[in-house]
Amino acid sequence: MRVFLTGAAGQVGKCFQSLVNKTYPNVTLLATDRNQLDITDERAVEAIIAVFKPDVIINAAAYTAVDRAESERQLAFAVNAQAVGHLARAAKKHHVHLIHISTDYVFSAEAYTPIKEDHPCQPQNIYGLSKLAGESEAMACPHATIIRTSWVFSEFGNNFLKTMLRLADTHPTINVVADQIGCPTYAGDIASLLMKIIFSPEKPQGIYHYCGSGAVSWYDFARVILEQAWSDKMIAVKPALNAITTEHYQTPAKRPLYSVLNTGKISVSGFPPEPWLKSVPVVLAQLRKGSQL
Ligand SMILES: NC(=O)c1ccc[n+]([C@@H]2O[C@H](COP(=O)([O-])OP(=O)(O)OC[C@H]3O[C@@H](n4cnc5c(N)ncnc54)[C@H](OP(=O)(O)O)[C@@H]3O)[C@@H](O)[C@H]2O)c1
């Protein structure tokens, strides 16, 4: 099996490479980071796919700076939308299956019911708009799987878990938003899902929701992270957590108050999600081993 991965330096990209190296010697992986392949360069995308001839393309590259996107609309759309079109057209031309990753931020859900795939999309920020446009681009490939996920964390890159650990070192009290509800998702679980899809005889096609099981607020997610880090002796002092509202935590990009994805469709297809709670100690253990470097 020949797999071409973009976004190799990101959270999902690194977890995927680590999984291949540990468990899948039969996968021939070409993994490119932004320096090796800028996916906004259509000719470079076409050339690499023509030469490598993958069976599957995984697009884990994205512009993920949600707040910065508000002032960098053009760049966000170039990476999250137009570049997905380059990958989809090359995948179509060379008869390759495309797996693309999208986000819960395509929704603006304020209703408190887990969101299904066919729920009307209404992004509240530029990042979400660009990712929604990317989904349409990906659909240009006749063999495409789009995985919408949420609140990704891991031992790699920048994410909420690592921010909490960093703040715990310097702040006796941390303010955390308590009125946004979602599902944290371990990038390693996304990597495992991608691998299962790659090897499934009937690859699921179309849009699927996949996120860690268990809805939680950022405040409660922070509480779990700090409890575990403290019991693992990774932080000397457990900081006090102060629950605040979205109204009191102004950011350039608006975020949905409720972004719990309904994972029924992907579960029925044989790929049930994993509880994020069990991945928190796993990620902390990886950080202790220094594998984030
Ligand atoms: N992180 C989340 O909480 C979250 C939530 C929902 C959905 N998602 C989606 O999940 C997927 C993976 O996210 P992630 O957390 O792994 O993201 P990430 O850690 O930010 O990784 C994305 C990677 O894409 C690279 N990239 C940016 N522009 C590129 C370009 N023009 N050409 C090639 N590579 C480029 C980035 O490189 P640089 O670092 O050099 O810019 C980065 O290494 C994305 O599609 C994202 O939209 C993420």
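So, here's what we can say about the structure. (Residues numbered from 1 in each chain as written. Predicted model: local features only at pLDDT ≥ 70, side-chain atom pairs only at ≥ 80, totals over all residues. Heavy atoms only, no water.)

Quick look at the nonpolar core
Using the following cut-off: Think of a nonpolar core as a cluster: buried Ala, Val, Leu, Ile, Met, Phe, Trp, Tyr and Cys residues, connected wherever their side-chain atoms sit within 4.5 Å. With a 1.4 Å probe rolled over the protein chains alone, any residue whose accessible area is under 20% of its type maximum counts as buried; one over 50% counts as exposed, and the rest are partly exposed. A helix here means a DSSP run of H or I that spans at least four residues, while a strand means a run of E at least two residues long, and both kinds are numbered starting from the N terminus. By definition in these notes, contact holds between two residues if any of their heavy atoms fall within 4.5 Å.
In this structure, F16, I58, L161, F221 and V280 are the most contacted members of the largest nonpolar core, which totals 88 residues. For this core, the element with the most residues is helix 3 (residues 73–93), which contributes 10 residues. If we ignore the near neighbours within four places in the chain, the residues touching L161 are F153, I225, V280, V283, L284 and L287.

Comments concerning the site of the ligand
Spelled out, the test is: The near set for a molecule or strand comprises every residue that places at least one heavy atom within 4 Å of it. We call two N or O atoms a polar contact when they sit within 3.5 Å, provided that within protein one can donate a hydrogen and the other can accept it, with sequence-adjacent residues counted only if both atoms are side-chain atoms. We get accessible surface area from the Shrake-Rupley algorithm with a probe of 1.4 Å; when it comes to residues, only the shown protein chains can shield them. Amino acid classes used here: Ala, Val, Leu, Ile, Met, Phe, Trp, Tyr, Cys and Pro are nonpolar; Asp, Glu, Lys and Arg are charged; the rest, including Gly, are polar.
Around the ligand, a shell composed of 23 residues is seen, among which V12, D38, T64, Y127 and K131 lie nearest. Q11 is positioned with one of its backbone polar atoms (N or O) 3.0 Å from an oxygen atom of the ligand. K131 places a polar side-chain atom, nitrogen or oxygen, 2.7 Å from an oxygen atom of the ligand. Protein contacts shield 81% of the accessible area of the ligand, which totals 900 Å² for the unbound molecule. Taken together, the elements giving at least two residues each to the shell around the ligand come down to helix 1 (11–23), strand 4 (97–103) and helix 4 (126–138). Among the elements that line the shell around the ligand, the one with the most residues is strand 4, at three residues. Of the residues assigned to the shell around the ligand, the class counts are 12 nonpolar, eight polar and three charged.

Here we look at the packing of aromatic side chains
The following threshold applies: Working definition: a ring pair exists when centres of Phe, Tyr or Trp rings (six-membered ring for Trp) sit within 6.5 Å. Plane angles under 30 degrees give stacked, over 60 give edge-to-face, the rest tilted.
By the definition in use, this model includes 10 aromatic pairs. Centre to centre, the rings of Y24 and F199 are 5.6 Å apart; their planes meet at 10 degrees, and the pair counts as stacked. One end of the pair, Y24, is in the loop between helix 1 and strand 2 (28–32); the other, F199, is in helix 6 (residues 187–199), and 175 residues separate them in sequence. In this structure F199 comes out as partly exposed when scored by relative accessible area, which is 35%. Each ring, one from F160 and one from F221, has its centre 5.4 Å from the other, and the planes form 15 degrees; the classification is stacked. One end of the pair, F160, is in helix 5 (residues 160–170); the other, F221, is in helix 7 (residues 218–231), with 61 residues separating them in the sequence. Assessed through its relative accessible area of 1%, F221 is described here as buried.

What to know about helix 7
Test applied: Any helix carries an expected span of 1.5 Å times its number of residues minus one.
If you check helix 7, its first and last C-alpha atoms are 20 Å apart, about what 14 residues at 1.5 Å a residue would give, namely 20 Å. If you check which residues of helix 7 are buried, you get W218, F221, A222, V224, I225, L226 and A229. With its phi angle positive at about 60 degrees, K233 sits one or two positions after the end of helix 7.

Some points on the sheet that holds strand 3 (residues 56–59)
Using the following cut-off: Two strands qualify as a pair provided that DSSP identifies no fewer than 2 bridges between them. Throughout, an axis means a line fitted to C-alpha atoms (over the contacting stretch in the case of helices), and angles, computed between N-to-C directions, take values from 0 to 180 degrees.
Spatially, 2-1-3-4-5-10 is the arrangement adopted by the six strands of the open sheet, whose pairing is parallel. The sheet terminates laterally at strand 2 and strand 10 (206–209), the two strands that pair on one side only. Here the strands of the sheet are splayed against their neighbours by 20 degrees on average, with no regard to which way each runs. Relative to strand 4, strand 3 runs parallel, the two sharing four bridges. Of the residues in strand 4, the one forming a bridge with I57 is L98. Across the sheet, helix 4 touches strand 4, strand 5 (144–149) and strand 10, and the angle it forms with strand 4 is around 160 degrees.

Considering the pattern of salt bridges
Cut-off, in case you're wondering: Definition used for salt bridges: Asp or Glu carboxyl oxygen within 4 Å of a side-chain nitrogen of Lys or Arg.
Going through the model one piece at a time under the given rule, you end up with nine salt bridges. Between R255 and D67 there is a salt bridge, with the nearest N and O atoms lying 3.0 Å from each other. Of the two residues, R255 sits in the loop between strand 12 (240–244) and helix 8 (264–268) while D67 sits in the loop between strand 3 and helix 3, which places them 188 residues apart along the sequence. When its relative accessible area of 18% is taken as the criterion, R255 is described as buried. Judged by its relative accessible area of 25%, D67 falls in the partly exposed class.

Quick look at helix 9 (residues 276–289)
Counted at 1.5 Å a residue, the expected span for helix 9 with its 14 residues is 20 Å, and the 20 Å between its end C-alpha atoms agrees. In this structure, the buried residues of helix 9 make contact with strand 6 (152–153), helix 5, strand 9 (185–186), helix 6, strand 11 (216–217) and helix 7.

Overview of the pairing of strand 5
Put simply, side chains in a regular strand alternate between the two faces of the sheet. This is how it is decided: Crossovers are described as right-handed under a simple rule: with the strands pointing away from the observer, the path leading from the first strand over the helix to the second runs clockwise.
The buried fraction of strand 5 is high, at six of six residues. Residues A144, I146 and R148 line one face of strand 5 and the alternating positions T145, I147 and T149 line the opposite face, and both faces are buried. Bridge count between strand 4 and strand 5: six bridges; the pairing is parallel. Residue pairing across strands places I99 opposite T145, the latter belonging to strand 5. Once you follow strand 4 into helix 4 and on to strand 5, the crossover reads as right-handed. Pairing of strand 5 with strand 10 involves four bridges; the strand directions are parallel. Bridge pairing in strand 10 places I146 opposite I207.

Some words on the packing of helix 7 against helix 9
What counts, and what does not: Should an angle fall under 35 degrees it is called roughly parallel, over 145 degrees roughly antiparallel, and 65 to 115 degrees roughly perpendicular, with every other angle called oblique. Crossing chirality is assigned from the near helix's rotation relative to the far helix, an anticlockwise turn below a right angle marking it left-handed and a clockwise turn marking it right-handed.
The interhelical angle for the contact between helix 7 and helix 9, taken along N-to-C directions, is 40 degrees, at an axis separation of 10 Å. Considering the angle they form, helix 7 stands oblique to helix 9. Of the two possible hands of crossing, helix 7 and helix 9 adopt the one that is right-handed. Every residue of helix 9 that contacts helix 7 at F221, V224, I225, Q228 and A229 is listed here: W276, L277, V280, P281 and L284. Along the lines of polarity and charge, the residues of the contact of helix 7 with helix 9 split into nine nonpolar, one polar and no charged.

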